[in-house]
Amino acid sequence: MSLLRTSTLLLLMAVPTAAWADLRVNATRVIYQQGSSVPPSLRLQNVGNRPSLIQAWIDDGDEDASLEHLRPALFVTPPAFRLDAGSKRDIQIRAADTLKLPNDRESLLWLNIVDVPARARGATPHSLEFAMRWRLKVFHRPAGLPGSPDAAPPALRWQLQTDPRGRAVLRASNATPYFVSLARLTLGGQPIALDASTAQVPPMGHWTQVLPDAPAPRPAVVPLDVRWVDARGLEQPIQAHVSRAD
C-alpha cells in the first residue's frame, strides 16, 4: 500500500474518461474467460505532460483491503511501472488460484489502477498533488457455462415487494449463470437511482433496490425500461414488466 501513502489526496472513485485525468483506460470492465489461451489485457495511455507511477491490483470486493493480505484468484501483471508522458502500455489479467471460485457461474472481482503523476516542476513542498484511482469490474467466466451472457438480461424476473418497514422494493431474480450489470432503470416512467458499484444482479441470485418514498405503482403489472451494460461497456435497452408480489 506504499504507493497510496505517497499521495496527498486519493480519489477513490474516478471516471476513466474524466477530462482532467491524464491516464486513459481503454475499457470499463474485463471478462476473464477460463480456458482461453490469451489472457485479457487493458491498454493504459498517459496523455499528460508528466511521467506517472502506475500501480494495479485485484481485490475480491473490499476496496480498503490491505495489499499485503490480498489473495485474489486473479492478478495483474505488471503490478507497478513507470508510464512516461505520451506513452502507452498494456496490463494483463492472469490466473492465480481460480479453483476457489465457483465453476457453475461467473464471479465478480475488482481491478484497481492508481495513477500518481510526478511532481510538477516548481511545485512547493506544500502544494496539493492528486492520485487518481480507477476501479473496474472483472468477471471470471468458467468454461462451459450454458446459455449466453446476452440472454441473461431479458431472462431476469422482476417483482415489486413491500419490506417489513412498509417500503416499496424492486427485486430482480436471475436464474442464469451470468452477471447482469444494470445502468439505468425507469419504472412506470419514474427513473430509479442506481449505484454503479452495486447495480449487478448476481448469477443464480437476486438484487433489490428500495424505491424512493412514493406510493408504489398500483397496476398489477408495471412497465420497466432496463438499460444494461454489455461486455464492451455499452448500454443495451430492453423492455420488461414488474409484477406485484402478494
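Residues numbered from 1 in each chain as written. Predicted model: local features only at pLDDT ≥ 70, side-chain atom pairs only at ≥ 80, totals over all residues. Heavy atoms only, no water.

A.B. asks: How do you make sense of the pairing of strand E6 (residues 74-77) when you look at a structure like this?
C.D. replies: Side chains on a regular strand alternate between the two faces of the sheet. Here E6 shows a clear split, with Leu74 and Val76 buried on one side and none of Phe75 and Thr77 buried on the other. By the bridge criterion, four bridges tie E6 to strand E8 (residues 88-95) in an arrangement that is antiparallel. Counted as the bridge partner of leucine 74 is alanine 95 from E8. (Buried < 20%, exposed > 50% of the residue type's maximum accessible area, 1.4 Å probe, protein only. Helix = DSSP H or I, 4+ residues; strand = E, 2+ residues; numbered from the N terminus. Pairing = 2+ DSSP bridges.)

A.B. asks: Would you mind going over the nonpolar core with me for this structure?
C.D. replies: A general trend in soluble globular proteins is that nonpolar side chains are found buried together. If you look at the biggest cluster of nonpolar residues, it comprises 25 residues, and the most contacted ones within it are Trp158, Leu182 and Leu185. Listed by contribution, the elements that provide at least two residues to this core are strand E11 (157-162), strand E12 (168-174), strand E13 (180-187), strand E17 (221-229) and strand E18 (235-244). Those residues in contact with leucine 185, other than ones at most four positions away along the chain, are Trp158, Leu170, Gln190, Pro191, Ile192, Leu194, Trp207, Leu224, Asp225 and Val226. In this structure, Leu23, Leu44, Leu83 and Val138 belong to the second largest nonpolar core, which totals 23 residues. (Core = buried A, V, L, I, M, F, W, Y, C linked by side-chain atoms within 4.5 Å. Contact = heavy atoms within 4.5 Å.)

A.B. asks: Can you walk me through the pattern of salt bridges in this structure?
C.D. replies: Considering all chains together, one arrives at 10 salt bridges under this definition. In this structure, arginine 135 engages aspartate 59 in a salt bridge whose closest nitrogen and oxygen atoms are separated by 2.6 Å. With arginine 135 in strand E10 (residues 130-141) and aspartate 59 in strand E5 (residues 52-59), this residue pair connects regions lying 76 residues apart in the sequence. The same class applies to arginine 135 and to aspartate 59, which are both buried. Between arginine 141 and glutamate 106 there is a salt bridge, with the nearest N and O atoms lying 2.6 Å from each other. Here arginine 141 is found in strand E10, whereas its partner glutamate 106 is found in the loop between E8 and strand E9 (107-117), with 35 residues between them in sequence. Accessibility classification places arginine 141 together with glutamate 106 in one group, the buried group. (Salt bridge = Lys/Arg side-chain N within 4 Å of Asp/Glu carboxyl O.)

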